[in-house]
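Residues per chain are reported as follows:
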Amino acid sequence: MSESTVALRYAKSLIDLAQEQNLVDTVYQDMLFFKKTAEENRGLMLALKSPVVRHDKKLAILEGVFKSRVSPTSYTIFTIITKKNREAIMFSIAEEFVKLYDEKKGIVKAVITSSMPLTAPLRKQFAGLVAEATGKTVELEEKVDEKLIGGYVLRVGDRQVDASIRTRLNDLKLELLN
């Protein structure tokens with residue numbers, strides 16, 4: 001079974017458990033915290049994925065880092081995952097949980113990459129466009145890439161709108177070469 005399939009199953013079970021205990025928002029914050037911690041500390045995920053590190057050591061690492069910082073429900077799930085020898089996919093489980101949460105709450109994440117930081121009116125306009133197109137609440141992530149020269153690249157899920165000058169120049173270059 002693929003990692004993403006297993007991670008999705010654990011995430012579904014976790015969100016069901018969190019709903020039963022009325023802790024969905026708390027567990028969501030815990031999963032965001034786990035993802036952020038794992039992204040910032042490469043050694044944590046290396047230790048969790050390592051077949052050389054024993055499970056009791058992995059549990060000790062998780063306890064030291066997370067026990068006092070996450071809800072008892074989330075910490076219990078961490079221990080269950082570790083005891084089932086699935087600690088290598090904990091990051092994927094957290095990602096899948098966040099996706100399921102967003103889906104349940106009607107949230108869509110959009111990434112806007114532009115050559116300069118967005119102004120407040122532009123930010124509001126992009127969020128409005130995405131909200132109108134999807135019918136969902138928008139969480140807009142902004143990135144700046146000076147290589148775009150101008151314009152923007154808007155990514156929502158697996159869809160992308162590339163209105164950057166760099167792309168237009170590349171298209172023009174290809175057209176002139178043909």
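Moving on, we come to the sheet that holds strand β1 (residues 107-114). On the basis of which strands lie adjacent, the open sheet formed by 4 strands has the order β2-β1-β3-β4 and mixed pairing. At either margin of the open sheet sits one strand with a lone partner, and together these are β2 (137-144) and β4 (159-164). Taken over all neighbouring pairs, the strand axes of this sheet differ in orientation by 15 degrees on average, direction set aside. One ladder, built from 5 bridges, connects β1 with strand β3 (residues 151-156); its direction is antiparallel. For V111, the partnering residue across the bridge sits in β3 and is R155. Along the sheet, helix α8 (residues 165-177) makes contact with β3 and β4, crossing β4 at roughly 80 degrees.

Overall, the predicted model of the chain reaches an average pLDDT of 91, with 99% of residues at or above 70. At the level of individual helices and strands, the chain shows its lowest average pLDDT in α8, which scores 86, and its highest in helix α2 (residues 24-40), which scores 95.

Let us look at the pattern of salt bridges. According to the stated counting rule, one finds 8 salt bridges in the structure shown. Between K105 and D25 there is a salt bridge, with its nearest N and O atoms 3.8 Å apart. Residue K105 is located in helix α6 (residues 90-105), and its partner D25 is located in helix α2; the two are separated by 80 residues in the primary sequence. Under the relative-accessibility criterion, K105 is labelled partly exposed at 44%. Take D25: its relative accessible area is 42%, and that puts it in the partly exposed class. We note a salt bridge from D56 to R54, for which the minimum N-O separation is 2.9 Å. We classify D56 as partly exposed; its relative accessible area is 42%.

Bringing the side chain of S164 into the picture now. On the secondary structure map, S164 appears in strand β4. Here the side chain of S164 touches D162 through a polar contact of 2.7 Å, side chain to side chain. Among residues more than four places away in sequence, those in contact with S164 are L148, G150, G151, Y152 and V153.

The side chains of a regular strand alternate, residue by residue, between the two faces of the sheet. Looking at chain direction, β1 and β2 are connected through 8 bridges and run parallel. The partner of S114 across the bridge, within β2, is V144. Between the parallel pair β1 and β2, the chain is carried across by helix α7 (residues 120-134), and the sense of this crossover is right-handed.

What follows is about the pairing of β4. Pairing between β3 and β4: 6 bridges, direction antiparallel. Its bridge partner being in β4, L154 is matched across the sheet by V161. Once β3 ends, the chain turns through 2 residues before running back antiparallel as β4, passing G157 with a positive phi of about 65 degrees.

Judged by nonpolar contacts, the single largest core of 31 residues is most densely connected at M31, F34, F78 and F97. Among the elements of the structure, α1 (3-20), α2, α3 (42-49), α4 (55-66), α5 (72-83) and α6 are those that each provide at least two residues to this core. In terms of residues, this core owes the most to one element, α6, which gives 8 residues. When residues no more than four places from it in sequence are discounted, the contact partners of F34 are M45, L48, L62, F66, F78, M90, F91 and A94. In terms of nonpolar packing, the next biggest core, distinct from the first, is built from 9 residues, A110, L118, F126 and V130 among them.

The contact between α2 and α6 brings their axes to 9 Å, and the two run at 140 degrees. Here α2 is positioned oblique relative to α6, judged by the angle of their axes. Here α2 runs over α6; the crossing is left-handed. Where α2 approaches α6, its residues V24, D25, V27, Y28, M31, L32, F34, K35, A38 and E39 are matched on the opposing element by M90, F91, A94, E95, F97, V98, Y101, D102 and K105. Among the residues making up the contact of α2 with α6, the classes are represented as 13 nonpolar, no polar and 6 charged.

Definitions and limits used
Residues numbered from 1 in each chain as written. Predicted model: local features only at pLDDT ≥ 70, side-chain atom pairs only at ≥ 80, totals over all residues. Heavy atoms only, no water. Pairing = 2+ DSSP bridges. Helix = DSSP H or I, 4+ residues; strand = E, 2+ residues; numbered from the N terminus. Axes fitted to C-alpha atoms, helices over the stretch in contact; angles between N-to-C directions. Contact = heavy atoms within 4.5 Å. pLDDT = per-residue confidence, 0-100. Salt bridge = Lys/Arg side-chain N within 4 Å of Asp/Glu carboxyl O. Buried < 20%, exposed > 50% of the residue type's maximum accessible area, 1.4 Å probe, protein only. Polar contact = N/O pair within 3.5 Å; in protein donor to acceptor, adjacent residues only side chain to side chain. Right-handed = clockwise from strand over helix to strand, strands pointing away. Core = buried A, V, L, I, M, F, W, Y, C linked by side-chain atoms within 4.5 Å. Parallel < 35°, antiparallel > 145°, perpendicular 65-115°, else oblique. Left-handed = near helix turned anticlockwise from the far one by under 90°. Nonpolar A, V, L, I, M, F, W, Y, C, P; charged D, E, K, R; others polar.

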